[in-house]
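Residue-level structure breakdown
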Amino acid sequence: MIKIKQKNIRGIFPIIYSFFNKDNTIDHKLMIDQLSVIKKMNPNGIACLGLATEVNKLTFKEKKFIIELIRKETSADLPLAITIKGNNLKEYKNLINISKSNKADWIILQPLIKKNTNDKDCYEFFSNLLHHTGDTLVGIQNAKEYIGVGLNTNQIINLYKRFSNFRVIKGETSSVHVEQIIKQYPKDLFVFNGRGGQEIIDNLKVGCKGIIPATEMSDYFIKIYNLIEQNKEERALKIYKNILPGIVFVMQSIDTLICYGKRVLAHRMGIKKVYDRKPFLEVTKYGNNISKIIAKNLGSF
């Protein structure tokens, strides 16, 4: 059963942003509008509750709301990936249960980071949590570059051998590095590499199954992925070169992604005002103008 599900774990899985109202509540309408935009892209799947969704700022109730909203608004035929990030082990387990009940196709575990958390702590935490995932297909977010801690290759392979449902790694590294580690992994341990679409073509060429980018440029990433699948690399490269300045601007940091990536999306969707939830990077007039230029180049949805 896990192997059958794994066949659908490839391609571009746009991960949603959290839109907020002026009173700091989640904007239900804009979340639905964003989902409508994603569905029109014909993606390979959809994802939520990662760093782009500002998961660290969301309450348990809000995380549950987002999971249930996506499942309600999207077809069961569209594979759903849910990142699991809680404040304690109990919350992780509750979110896993909610994801299962909403028919998540796979879940992505983020580490529980506390003061002085190290790589060994991450391994032990994932090992403990994987016992609770049952037969649900599981990925692990191994993003030491952004999170600060992570697993080495030996630890990943040990977990692969111990848990038959752990079959995906979501990384945040260069294509040069990912090319080397893919060689060391079993063939059915799928790798998704992120970084907002940086080096997407190279990542796909070295064996990555796909990426999980935020929504604002996902329609272009889907076009690139489909062209690479059709062995039309030259056309894919032309698209990539056109959007690369936008990728570089948005992906300078996670804070920049949330601040300006969300605004690129908002401009493309025709949203007049974006409200931020603390803590956040303060938007500047200059930065917002760049976001508008990028959005104009990408075009409205």
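In short, a report on the structure. (Residues numbered from 1 in each chain as written. Predicted model: local features only at pLDDT ≥ 70, side-chain atom pairs only at ≥ 80, totals over all residues. Heavy atoms only, no water.)

1. A look at the nonpolar core
With 102 residues, the main nonpolar core has W106, F166 and I224 as its most contacted residues. With sequence-adjacent residues up to four places away left out, W106 is seen in contact with I9, F13, L80, A81, I82, L137, G139, V168, F192 and I212. (Core = buried A, V, L, I, M, F, W, Y, C linked by side-chain atoms within 4.5 Å. Buried < 20%, exposed > 50% of the residue type's maximum accessible area, 1.4 Å probe, protein only. Contact = heavy atoms within 4.5 Å.)

2. Let's talk about the pairing of strand 3 (residues 80–84)
Counting buried positions along strand 3 gives five out of five residues, so the element sits mostly inside the fold. Bridge count between strand 2 (residues 46–48) and strand 3: three bridges; the pairing is parallel. If you follow I46 over to strand 3, its bridge partner there is L80. Handedness of the β-α-β unit built from strand 2, helix 3 (residues 60–73) and strand 3 comes out right-handed. Across four bridges, strand 3 lies against strand 4 (residues 106–109) in parallel orientation. Residue pairing for strand 4: T83 is matched across the bridge by I108. (Helix = DSSP H or I, 4+ residues; strand = E, 2+ residues; numbered from the N terminus. Pairing = 2+ DSSP bridges. Right-handed = clockwise from strand over helix to strand, strands pointing away.)

3. Here we look at the packing of helix 2 (residues 28–40) against helix 3
A pair of packed helices is captured by two measures, namely the crossing angle of their axes and the spacing between those axes. Two elements in contact, helix 2 and helix 3, have axes whose closest approach is 11 Å; the angle formed by their N-to-C orientations is 45°. The orientation of helix 2 relative to helix 3 falls into the category oblique. Crossing handedness for the pair helix 2 and helix 3: right-handed. When helix 2 is examined against helix 3, the residues H28, M31, I32, L35 and K39 are found in contact with a partner set consisting of F65, I66, L69, I70 and E73. Here the contact of helix 2 with helix 3 is composed, by residue class, of seven nonpolar, one polar and two charged. (Axes fitted to C-alpha atoms, helices over the stretch in contact; angles between N-to-C directions. Parallel < 35°, antiparallel > 145°, perpendicular 65-115°, else oblique. Left-handed = near helix turned anticlockwise from the far one by under 90°. Nonpolar A, V, L, I, M, F, W, Y, C, P; charged D, E, K, R; others polar.)

4. Considerations on the packing of aromatic side chains
Counted under the stated rule, the structure contains six aromatic pairs. Centroid distance F13 to W106: 5.7 Å. Interplanar angle 85°. Geometry classified as edge-to-face. Within this pair, whereas F13 is found in the loop between strand 1 (11–12) and helix 2, its partner W106 is found in strand 4, the two being separated by 93 residues in sequence. A single burial state applies to F13 and to W106, both of which are buried. Seen in terms of ring centroids, Y92 and F125 are 4.8 Å apart; in terms of plane orientation they differ by 75°. Their pairing is edge-to-face. With Y92 in helix 4 (residues 89–101) and F125 in helix 5 (residues 119–130), the pair connects residues that are 33 residues apart, well separated along the chain. Residues Y92 and F125 agree in their burial class; the two are buried. Chaining the aromatic ring pairs together yields one cluster made of F13, W106 and F192. Over the ring of F19 we find K262, and its NZ or CZ is 5.9 Å from the ring centre. (Phe/Tyr/Trp six-rings, centres within 6.5 Å; stacked < 30°, edge-to-face > 60°. Lys NZ or Arg CZ within 6 Å of the ring centre and 35° of its normal.)

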